[in-house]
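Notes for the structure review
Chain by chain, the residues:
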Amino acid sequence: MLRTLPIILAALLTAFQFSEGIAAERKKWEMLTDCQYVENKNNDGDNFRVKCGEKDFVLRLYFVDAPETNMRYAERTREQSEHFGVTLEETMKAGVKATGTVRETLKGPFIVWTRWAGAAGRGNEVRYYGLVEVGGKSLVEILVSNGLARTKGVTANLPTGEKSKVYIEKVHALEAEAKKRQIGVWARSTK
């Protein structure tokens, strides 16, 4: 019995994780219009405060990971540096540029799509995963196309019904193109 206990526990954990994923996919997308970017010291390229009507919250983008702006999460910054093939300093410079690009891109009203799925983080405040549309364009695609984010992170089927697997292939292609054209952080890459 003691030998089978780890197998049973692993099976239960797998079943729980699978059911959580199904439950998350069943959550309906909500479209929030006329959203505004809210300045906050913790904002960065993939994680920032927004206000949509009466709702004020921290949004974490699906599908991408923008470079960090400092060494607060040193291991993540190192991993990003390795992925992009640049120094830690270049990684953080790219993080600052990604943050600025998001701030500038979201100067006017934009749309947020969210299912109110909690995005775990190291901060005290709850963050919610979402997607942002501005001027008919995806913020995910803008960041990746400009070499200011990598394809990584939590995914979800899109509000349009497009499967996450299909969309992530599209984002990967945008990242490969930015790398090939040496745009953004890729301009200094040794890869």
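Details of the structure are given in the entry above.
Once a new chain begins, its residue numbering starts again from 1 and follows that chain's sequence as written. The predicted origin of the model limits local features to residues at a pLDDT of at least 70 and limits the giving and counting of side-chain atom pairs to 80 or more, whereas totals for whole chains, interfaces and linings rest on all residues. With hydrogens and water excluded, all non-hydrogen atoms of the structure serve as input to the side-chain values.

Helix and strand assignments come from DSSP, with helices taken as H or I runs of at least 4 residues and strands as E runs of at least 2, each series counted from the N terminus. When its secondary structure is counted, the protein shows 5 helices and 8 strands. When the helices and strands of the protein are read in sequence order from the N terminus, they spell out α-β-β-β-β-α-α-β-β-β-α-β-α. Relative accessibility decides the category of a residue: with a 1.4 Å probe and only protein chains considered, values under 20% of the type maximum give buried, values over 50% give exposed, and everything between is partly exposed. Here the protein holds 191 residues, and the buried ones make up 41% of them. As displayed, the protein offers around 11,000 Å² of accessible surface, 55% of which is attributable to carbon and sulfur atoms. For the area figures, the Shrake-Rupley method with a 1.4 Å probe applies, and any residue is considered shielded solely by the protein chains shown.

Any two cysteine sulfur atoms within 2.5 Å of one another count as a disulfide. Taken as a whole and assessed by the stated rule, the structure comprises 1 disulfide. For Cys35, the disulfide goes to Cys52, at an S-S distance of 2.2 Å. Disulfide Cys35 to Cys52: torsion about the S-S bond roughly 115°, handedness right-handed. Remark: Cys52 occurs in strand β2 (residues 47–52) and Cys35 occurs in strand β1 (residues 30–38); sequence separation between them is 17 residues. An identical accessibility class is assigned to Cys35 and Cys52; each is buried.

Okay, the pairing of strand β6 (residues 127–134) next. In terms of burial, β6 is largely enclosed, as 6 of its 8 residues are buried. As defined by bridge partners, strand β3 (residues 55–61) adjoins β6 across 4 bridges and the pair is classed as parallel. When the sheet's bridge partners are listed, Leu61 is paired in β6 with Gly130. In the sheet, strand β5 (residues 110–119) pairs with β6 via 6 bridges, with the strands oriented antiparallel. Each residue of the ladder has a partner; that of Gly118, found in β6, is Tyr128. Strand pairing is defined by DSSP finding a minimum of two bridges between the two strands. For β6 and strand β7 (residues 137–138), the ladder comprises 2 bridges, and the chain directions are antiparallel. Among the inter-strand pairings, Val134 is bridged to a residue of β7, identified as Lys137. Between the end of β6 and the start of β7, which pair antiparallel, lie 2 residues, with Gly135 showing a positive phi angle near 60°.

Considered as a void within the structure, the largest pocket measures approximately 750 Å³ in volume. Asp44, Asn47, Tyr73, Arg76 and Arg127 are, among the 32 residues lining the largest pocket, the residues nearest its centre. Mapped onto the lining of the largest pocket, the elements with two or more residues apiece are β2, β3, α2 (74–84) and β6. In terms of residue count, the dominant contributor to the lining of the largest pocket is β2 (3 residues). As defined here, a cavity is a set of points on a 1 Å grid over the protein atoms alone where a 1.4 Å probe fits but cannot get out. A pocket is an open set with protein on both sides within 12 Å along at least five of seven lines, and residues line them when an atom is within 4 Å of a point. Grid points are joined across faces, edges and corners, and a volume is the space filled by probe spheres set on the points.

Attention now goes to the pairing of β3. Burial analysis of β3 places 5 of its 7 residues in the buried class, the great majority of the element. Inspection of the sheet shows β2 paired to β3 by 6 bridges, in the antiparallel sense. Following the sheet pairing, Cys52 is matched in β3 by Lys55. Turn length for the β2-β3 hairpin, with the two strands adjacent in sequence and antiparallel, is 2 residues, and the turn residue Gly53 shows positive phi of about 65°.

With that settled, the discussion passes to the pattern of salt bridges. The working definition used for a salt bridge is a side-chain nitrogen of Lys or Arg within 4 Å of a carboxyl oxygen of Asp or Glu. Here the structure, examined in full by the defined rule, presents 14 salt bridges. Salt-bridge contacts for Glu79 lead to Arg150; the nearest nitrogen and oxygen are separated by 3.4 Å. Here Glu79, found in helix α2, pairs with Arg150, found in strand β8 (residues 150–151); they are 71 residues apart in sequence, far enough to count as distant. Of the residues examined, Arg150 reaches a relative accessible area of 4% and is grouped as buried.

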